Amino acid sequence: MFDYLRLEVRRTLRDTGFVIGGVAMPVMMYLLFTNLGGGDDGAWRTASMVGMAAYGAVGSALNTGGGVAEDKVTGWLRQLRVTPMTSRQVVLGRALTGSVTVLPAIVSVLVAGGLVNGVRLDAWQWAATALLLWLGSLPFTLLGLGNGYRMTAQTTGIANMVCNLGLAVVGGLWFPLALFPGWLRSVSAYTPTNRFAELGVSVTEGRAPGLGAVAVLTAWLLAFGSYAVISYRRSARIV
Amino acid sequence: MTRTTGTTARTTAGRPRATSAPPVTGTGTAPAVRFRGAVKTFGDVRAVAGLDLEVGCGETVALLGRNGAGKSTAISLLLGLDEPDEGSVELFGGRPEESVRAGRVGAMLQDARPVPRVTVQELVSFVAGRYPAPLPVAEALRLAGVAELAGRRVDRLSGGQAQRVRFAVALAGNPALIVLDEPTAALDVEARHAFWESMRDRARSGRTVLFSTHYLEEADAHADRIVVVDRGRVVANGTGEELRRSAGGNLVSFDLAGLAAESLGLLPGVVAVEVRGERARLRTDDSDATVVALAERGAIRALEVVPASLDDAFMALTSHDRETV
């Protein structure tokens with residue numbers, strides 16, 4: 001199981017698309033969005049840092065599903081099924097791969113915030129932000145897996161991109177929610193991305209994440225988890 | 001002008017093989033593979049239509065058939081990748097999944113593309129590590145002829161190289177049963193030769209090998225037994241020699257020269273008649289009797305008698321206008 005995790009993490013990190021889209025992009029967008037216009041808004045730099053780290057984590061988490069779809073096409077999943085590995089180990093290994101591969105995105109955006117943008121937080125706040133963003137990315141990994149098991153490689157890529165961009169924008173990961181009209185702001189409060197970022201933001205502001213955020217994220221976790229399981233069962237017949 | 005060539009059937013050279021090797025795993029006397037009336041339907045297509053097949057421990061068996069004969073579906077069933085709609089498929093006396101889970105099976109699947117972004121060494125080590133008693137990775141790489149590619153990425157190899165890597169993957173776990181679906185399709189002559197050499201090495205060490213192919217020569221040269229599959233069922237089962245005999249041992253051909261072809265099938269020994277233009281080809285299991293009968297009718301222009309090839313046997317066994325064999 002650990003071997004499988006190691007193999008899949010290696011394969012993911014060798015994917016140039018993943019490194020550019022999942023790590024370099026969020027860092028660049030963060031630096032761009034916070035330094036354009038020359039404003040010196042410390043609060044926005046911190047909030048955007050969390051938002052972009054969250055955006056990068058969501059992208060990487062969803063990317064796991066792209067990997068699954070690819071494995072389906074190449075026959076790798078089929079080959080795994082004729083080794084002594086159980087399908088539960090394979091699925092769990094993939095989910096764990098997803099949760100490991102979100103770390104580079106989170107860490108690099110936080111590093112860019114601390115080193116380039118001069119964001120200052122207590123040590124525990126850095127650690128807690130990273131940890132919460134890491135844990136909070138799990139629903140997105142499951143969403144990606146659900147897409148990957150269900151769809152072809154191409155449609156998974158498109159579905160992941162739509163989920164990623166849509167949820168990121170509506171959830172306020174790119175632009176401050178204050179810019180949104182009132183109705184969109186209330187929709188935003190129910191998106192997993194918004195609550196996901198809230199986990200990190202609350203820590204940077206020195207308080208525990210609200211119950212609302214935890215409740216909404218848990219609901220999404222269950223929903224995306226069931227989606228992944230149902231998709232996997234469907235695919236087991238054709239893989 | 002009448003000329004006859006030898007009428008004795010071609011003999012094949014003796015082949016080294018381990019016909020009486022003991023089974024590798026302690027699973028009693030159950031055969032390595034047993035299909036009993038297995039049926040698998042996809043939509044309207046009965047890909048496997050009542051397949052009965054047994055492969056004993058230590059045997060090397062070829063599954064021979066045209067494309068679409070049901071070979072790959074049969075292999076999916078025996079690997080537990082698919083469930084039969086009817087009948088049963090057993091490996092070592094139990095459900096296929098159990099044997100796969102226990103590491104008794106290694107397989108090379110058809111149409112698998114290279115796993116992206118992983119090196120040969122990483123891939124083979126990983127697969128070997130899933131099995132309870134694997135081959136040393138270097139040994140698996142050597143047997144498959146990919147030792148010098150160990151550090152290369154699998155998705156950057158040529159088709160033939162990638163196919164050899166898939167062979168290494170099948171061998172890596174040192175399984176008791178090795179299943180190979182069209183194992184030599186992308187190999188050049190030299191690689192093919194090396195491949196069969198390694199496979200024979202495995203067979204000698206007591207492994208059961210089941211491979212599918214549509215190359216007759218391969219099946220004849222490298223298997224203890226050939227199982228001919230057509231339209232989802234077994235139509236013949238035996239050594240190459242037995243198949244040649246069962247399909248009619250010799251081929252008698254001559255120019256019709258205006259003679260009517262209708263009654264040729266009634267001549268002694270004749271089992272099949274084929275007319276191509278002016279030339280008639282009779283498959284016969286008693287060429288002497290056939291030739292005498294033809295001579296009585298004066299049908300001896302450019303008469304020729306040759307042993308039926310395995311190709312002829314295969315064509316006869318799988319020709320679709322003959323329902324029974």
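What comes next concerns the included structure. All values derive from a computational prediction rather than experimental measurement.

Criteria and thresholds
- Residues numbered from 1 in each chain as written.
- Chains lettered and ligands numbered in written order.
- Predicted model: local features only at pLDDT ≥ 70, side-chain atom pairs only at ≥ 80, totals over all residues.
- Heavy atoms only, no water.
- Helix = DSSP H or I, 4+ residues; strand = E, 2+ residues; numbered from the N terminus.
- Buried < 20%, exposed > 50% of the residue type's maximum accessible area, 1.4 Å probe, protein only.
- Contact = heavy atoms within 4.5 Å.
- Areas by Shrake-Rupley, 256 points an atom, 1.4 Å probe, with all protein chains shown as cover.
- Core = buried A, V, L, I, M, F, W, Y, C linked by side-chain atoms within 4.5 Å.
- Pairing = 2+ DSSP bridges.
- Axes fitted to C-alpha atoms, helices over the stretch in contact; angles between N-to-C directions.
- Buried area = accessible area lost by both parts, 1.4 Å probe.
- Salt bridge = Lys/Arg side-chain N within 4 Å of Asp/Glu carboxyl O.
- Nonpolar A, V, L, I, M, F, W, Y, C, P; charged D, E, K, R; others polar.
- 1 Å grid on protein atoms, 1.4 Å probe; cavity = no way out; pocket = protein on both sides within 12 Å on 5 of 7 lines; lining within 4 Å.
- Points joined across faces, edges and corners; volume = space filled by probe spheres on them.

## A word on the overall build of chain B
Consideration 1: The number of helices and strands found in chain B is 10 helices and 13 strands.
Consideration 2: Here chain B, with 325 residues, has 53% of them falling under the buried criterion.
Consideration 3: For chain B, long-range pairs separated by at least 24 residues make up 70% of all intrachain contacts whose partners lie at least 6 apart in sequence.
Consideration 4: Only carbon and sulfur atoms are counted for the fraction: they give 50% of the accessible area of chain B, which is about 14100 Å².

## Section: the nonpolar core
Consideration 1: If you look at the biggest cluster of nonpolar residues, it comprises 101 residues, and the most contacted ones within it are A:F196, B:V120, B:V124 and B:L180.
Consideration 2: No other element matches the 11 residues that helix α3 (residues 42–74) of chain A contributes to this core.
Consideration 3: The residues contacting B:V124, other than those within four sequence positions of it, are B:V137, B:A140, B:L141, B:A168, B:V169 and B:A172.

## Some details on the sheet that holds strand β4 (residues 86–91) of chain B
All names here are of chain B.
Consideration 1: Strand order in the open sheet made by the three strands is β2-β1-β4, with antiparallel pairing throughout. Unpaired on one side and paired on the other, β2 (45–55) and β4 mark the two borders of the sheet. Mean inter-strand twist for the sheet, computed between neighbouring axes without regard to direction, equals 25°.
Consideration 2: For strand β1 (residues 33–42) and β4, the ladder comprises five bridges, and the chain directions are antiparallel. Directly across from R36, in β4, lies its bridge partner S88.
Consideration 3: Against the sheet, helix α1 (residues 71–78) engages β1, β2 and β4, with an angle of about 115° to β1.

## Side note on the pairing of β1(B)
All names here are of chain B.
Consideration 1: Two strands pair when backbone bridges link them, and β1 and β2 are joined in this way by eight bridges, in the antiparallel orientation. In the strand pairing of β2, T41 is matched with R46.
Consideration 2: Hairpin remark: β1 followed by β2, antiparallel, with two residues in the connecting loop; positive phi at G43, about 60°.

## Thoughts on the interface of chain B and chain A
Consideration 1: With 26 residues of chain B in contact, the opposing surface of chain A contributes 21 residues.
Consideration 2: Interface area lost by chain B to chain A is led by B:R117, B:F126 and B:R130, which between them contribute 30%.
Consideration 3: Inspection of the region where chain B meets chain A yields four salt bridges.
Consideration 4: Here A:D3 and B:R130 are joined by a salt bridge, their closest N and O atoms 2.5 Å apart.
Consideration 5: Elements supplying a minimum of two residues to the side of chain B that touches chain A: α2 (96–101), β5 (105–108) and α3 (120–129) of chain B.
Consideration 6: With four residues, the top contributor of residues to the side of chain B that touches chain A is α3(B).
Consideration 7: Grouping the amino acids of the side of chain B that touches chain A by side-chain chemistry returns 16 nonpolar, four polar and six charged.

## Some remarks on the environment of B:E83
All names here are of chain B.
Consideration 1: Secondary-structure assignment places E83 in the loop between α1 and β4.
Consideration 2: A relative accessible area of 49% means that E83 is categorised as partly exposed.
Consideration 3: As for E83 and P96, which are separated by 13 residues in sequence, their C-alpha atoms are 9.6 Å apart.

## With respect to the layout of surface pockets
All names here are of chain A.
Consideration 1: Size it by volume and the largest pocket reaches roughly 520 Å³.
Consideration 2: Taken together, 30 residues form the lining of the largest pocket, with G17, F18, G59, L62 and N63 sitting closest to its centre.
Consideration 3: Those elements that provide at least two residues to the lining of the largest pocket are α1 (2–13), α2 (16–35), α3, α5 (87–101) and α9 (153–170).
Consideration 4: Looking at which element gives the most residues to the lining of the largest pocket, the answer is α3, with 10 residues.
Consideration 5: For the lining of the largest pocket, a count of residues per class yields seven nonpolar, 17 polar and six charged.

## Comments concerning unusual backbone geometry
Residues and elements named next belong to chain B.
Consideration 1: If you check the backbone angles, N174 has positive phi at about 50° while not being a glycine.
Consideration 2: With respect to the element layout, N174 can be found in the loop between α5 (159–172) and β6 (177–181).
Consideration 3: When its relative accessible area of 21% is taken as the criterion, N174 is described as partly exposed.
Consideration 4: At A257, a residue that is not glycine, the phi angle is positive and equals roughly 50°.
Consideration 5: Exposure remark for A257: the relative accessible area of 43% places this residue in the partly exposed category.

## What to know about empty space enclosed by the protein
Consideration 1: Within this structure, the stated rule accounts for two cavities of 30 Å³ or more.
Consideration 2: Approximately 120 Å³ is the volume found for the largest cavity.
Consideration 3: What lines the largest cavity is a set of 14 residues, and nearest its centre among them are A:Q79, B:R113, B:V115, B:L123 and B:R166.
Consideration 4: Looking at the lining of the largest cavity, the elements that each hand over two or more residues are α4 (76–81) of chain A together with α5 of chain B.

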